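Residue strings, one per chain:
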Amino acid sequence: MIAQVVGVDDVISVTPTLDTSAYASGDRLGTIHTITGAFRRMNRSYDNNPAIAKDAPNQCGKVILQNIVIIDQALQSQPMDILFFDELPTVASADNAPIDISDGEMIEKCIGSVTIDAPYIALAANSMVTESNIGLLLKQKSTAADGNLYAVCIIRGIATYAASSLVFRYGFLRIVTGK
């Protein structure tokens, strides 16, 4: 079988809830991101395209993360790591505490990471950063009950945010396996 990118793309936005106290480097940054529908079933959306529908009955579970855009409304402009999970992870640490995820959770559910360390573009009241050309292949477990991808952020600097001052935009390409 040959994997084909079929030109199906999507951008999914997430606004996590953040603690309003100062974060230290290595702290969990905000709530877990639920990236709803990142692993979308292909046959429902493409039943009108026989070339895709016949090669991908009930196909789901593979995407390429192409880019991440972060809008920082608090103008903190800090680097961070983002860990991706194919199922909702159990995170032992609270928001704004040193990150703590068990070995078992990491082995069982973690499927990739991205470091955001590009320079932010600072404006008068906010900043933004784009991490592009990521090309990270993410695959959902065949036993997954939903089409969601999950992410946990770890701040790598010192910052203070308002409760909803970060917006993450995840850009994906979907993959269909063909003959």
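Located above this text is the structure these notes cover.
Rules of the game
- Residues numbered from 1 in each chain as written.
- Predicted model: local features only at pLDDT ≥ 70, side-chain atom pairs only at ≥ 80, totals over all residues.
- Heavy atoms only, no water.
- Salt bridge = Lys/Arg side-chain N within 4 Å of Asp/Glu carboxyl O.
- Helix = DSSP H or I, 4+ residues; strand = E, 2+ residues; numbered from the N terminus.
- Buried < 20%, exposed > 50% of the residue type's maximum accessible area, 1.4 Å probe, protein only.
- Pairing = 2+ DSSP bridges.
- Axes fitted to C-alpha atoms, helices over the stretch in contact; angles between N-to-C directions.
- Phe/Tyr/Trp six-rings, centres within 6.5 Å; stacked < 30°, edge-to-face > 60°.

Undergrad: Honestly, the pattern of salt bridges in this entry has me stumped. Any pointers?
TA: Side-chain pairs of opposite charge can arise where the charged atoms are in close proximity. Counted according to the given criterion, the structure contains six salt bridges. Between K141 and D86 there is a salt bridge; the shortest N-O distance is 3.6 Å. Linking K141 in the loop between β8 (136-139) and β9 (149-155) with D86 in the loop between β4 (80-85) and α3 (103-109), this pair joins segments that are 55 residues apart in sequence. No difference in accessibility class separates K141 from D86, as the two residues are buried. When salt bridges with common partners are traced through the structure, they connect D86, E87, E108 and K141 into a single cluster.

Undergrad: What should I look at first to understand the environment of F84 in this one?
TA: Mapped onto the elements of the fold, F84 is located in strand β4. Once the C-alpha coordinates of F84 and L138 are considered, the two residues, 54 residues apart in sequence, prove to be 8.4 Å apart.

Undergrad: Please explain the pairing of strand β3 (residues 62-72) as it appears in this structure.
TA: Regular strands place their side chains on alternate faces of the sheet. Looking at chain direction, β3 and β8 are connected through four bridges and run antiparallel. Opposite I64, over in β8, you have L137 as the bridge partner. Judged from the five bridges that link them, β3 and strand β7 (residues 127-131) form a sheet pairing that is antiparallel. Paired with D72 across the bridge in β7 is S127.

Undergrad: Which parts of the structure should I look at to understand the sheet that holds β4?
TA: Within a beta sheet, neighbouring strands are joined by backbone hydrogen bonds and run either parallel or antiparallel to one another. The four strands lie next to each other as β2-β9-β4-β5, forming an open sheet whose pairing is antiparallel. Looking at strand neighbours, the two that pair on one side only are β2 (33-35) and β5 (110-116), the edges of this open sheet. Going across the sheet, the axis of each strand differs from the next one's by a mean of 25°, ignoring polarity. As paired strands, β4 and β5 are joined by six bridges and run antiparallel to one another. Its bridge partner lying in β5, I82 is registered against V114.

Undergrad: Is there a simple way to explain the packing of aromatic side chains in this structure?
TA: In this description, a pair of aromatic rings is defined by centroid distance and the angle of the planes. This model, assessed by the stated rule, comprises three aromatic pairs. Where Y23 meets Y161, the ring centres are 5.9 Å apart and the plane angle is 65°; that geometry is what we call edge-to-face. Taken together, the positions of Y23 in the loop between β1 (2-14) and β2 and Y161 in the loop between β9 and β10 (166-178) put the pair 138 residues apart, joining distant regions of the chain. Y161 matches Y23 in its accessibility class, with the two residues each being buried. Judged by centre distance (5.9 Å) and plane angle (80°), the ring pair of F84 and Y170 falls under edge-to-face.

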